[in-house]
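# Structural overview for review
These are the residues of each chain, in order.
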Amino acid sequence: MKLVSIRLITDDIQRLVSFYQHVTGVEANWATPDFAEIVTPAGTLAIGSTRTVALFAAGSAHPADNHTAILEFLVPDVDADYRRLRDTVEDFVNEPTTMPWGNRSLLFRDPDGNLINLFTPVTAQAAAKFAG
């Protein structure tokens, strides 16, 4: 089994795709006006409009209703990303903070309230985990 993507469902696909393009610096690949993907070397963030939910099962997913998952992106310099994003991100949970496990992390919410963690390993042990 291979994890291929994480999909977010939203009422405003243009807004959410634009947000993630800005955060990641990656242009979205649009399959239809209701579905786009942000493709990174490690995996894909898929974004679908609420109109796509009925294709699976009506009511099976609800936009802006996530209270458990955190989307995590490894970045070269989390402090630089914080400076770059602080004028456009509306909901920071914290400023860059060094965690006990050796990552410097920045937690914030996307326009639908989903949590995002940008992090940079800052200890030798944390850096070794992501080397290669």
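Rules used throughout
- Residues numbered from 1 in each chain as written.
- Predicted model: local features only at pLDDT ≥ 70, side-chain atom pairs only at ≥ 80, totals over all residues.
- Heavy atoms only, no water.
- Buried < 20%, exposed > 50% of the residue type's maximum accessible area, 1.4 Å probe, protein only.
- Helix = DSSP H or I, 4+ residues; strand = E, 2+ residues; numbered from the N terminus.
- Pairing = 2+ DSSP bridges.
- Domains from an automatic or database assignment.
- Buried area = accessible area lost by both parts, 1.4 Å probe.
- Salt bridge = Lys/Arg side-chain N within 4 Å of Asp/Glu carboxyl O.
- Polar contact = N/O pair within 3.5 Å; in protein donor to acceptor, adjacent residues only side chain to side chain.
- Contact = heavy atoms within 4.5 Å.

## Some words on the pairing of strand E4 (residues 44-49)
Along E4, six of the six residues are buried, which leaves the element largely enclosed by surrounding structure. Here E4 shows two buried faces, one formed by Thr 44, Ala 46 and Gly 48 and the other by Leu 45, Ile 47 and Ser 49. Two elements, strand E1 (residues 5-10) and E4, share six bridges in a ladder whose sense is parallel. Note on E4: the bridge partner recorded for Ile 9 is Gly 48.

## Considerations on the domain arrangement of the chain
Reports of interface size often rely on the accessible area that becomes lost once the parts have come together. Taken as a whole, the chain is organised into domain 1 (1-57) and domain 2 (67-131). For domain 1 versus domain 2, the separation of C-alpha centres amounts to 20 Å. In terms of surface lost to domain 2, no three residues of domain 1 exceed Phe 19, His 22 and Val 23, which account for 46% of the buried area on that side. Taken together, domain 1 and domain 2 are joined by one salt bridge. Linking Asp 112 and Arg 15 is a salt bridge whose minimum nitrogen-to-oxygen distance equals 2.4 Å.

## Looking at the side chain of Gln 21
Tracing the backbone through its elements, the reader meets Gln 21 in helix H1 (residues 13-24). For Gln 21, the side chain forms a polar contact with the main-chain nitrogen of Ala 28, separated by 2.8 Å. Among residues more than four places away in sequence, those in contact with Gln 21 are Val 26, Glu 27, Ala 28 and Ile 38.

## Section: the pattern of salt bridges
The tally for this structure, following the rule as stated, stands at six salt bridges. Of the charged contacts in the structure, one is a salt bridge between Asp 79 and Arg 104, with a shortest N-O distance of 2.8 Å. Here Asp 79 is found in helix H3 (residues 78-85), whereas its partner Arg 104 is found in strand E8 (residues 103-109), with 25 residues between them in sequence. With its nearest N and O atoms 3.7 Å apart, the salt bridge here joins Asp 91 to Arg 109. Of this pair, Asp 91 sits in strand E6 (residues 91-92) while Arg 109 sits in strand E8, placing them 18 residues apart in sequence. Salt bridges here are not isolated pairs; linked through shared partners, they connect Asp 12, Arg 15 and Asp 112.

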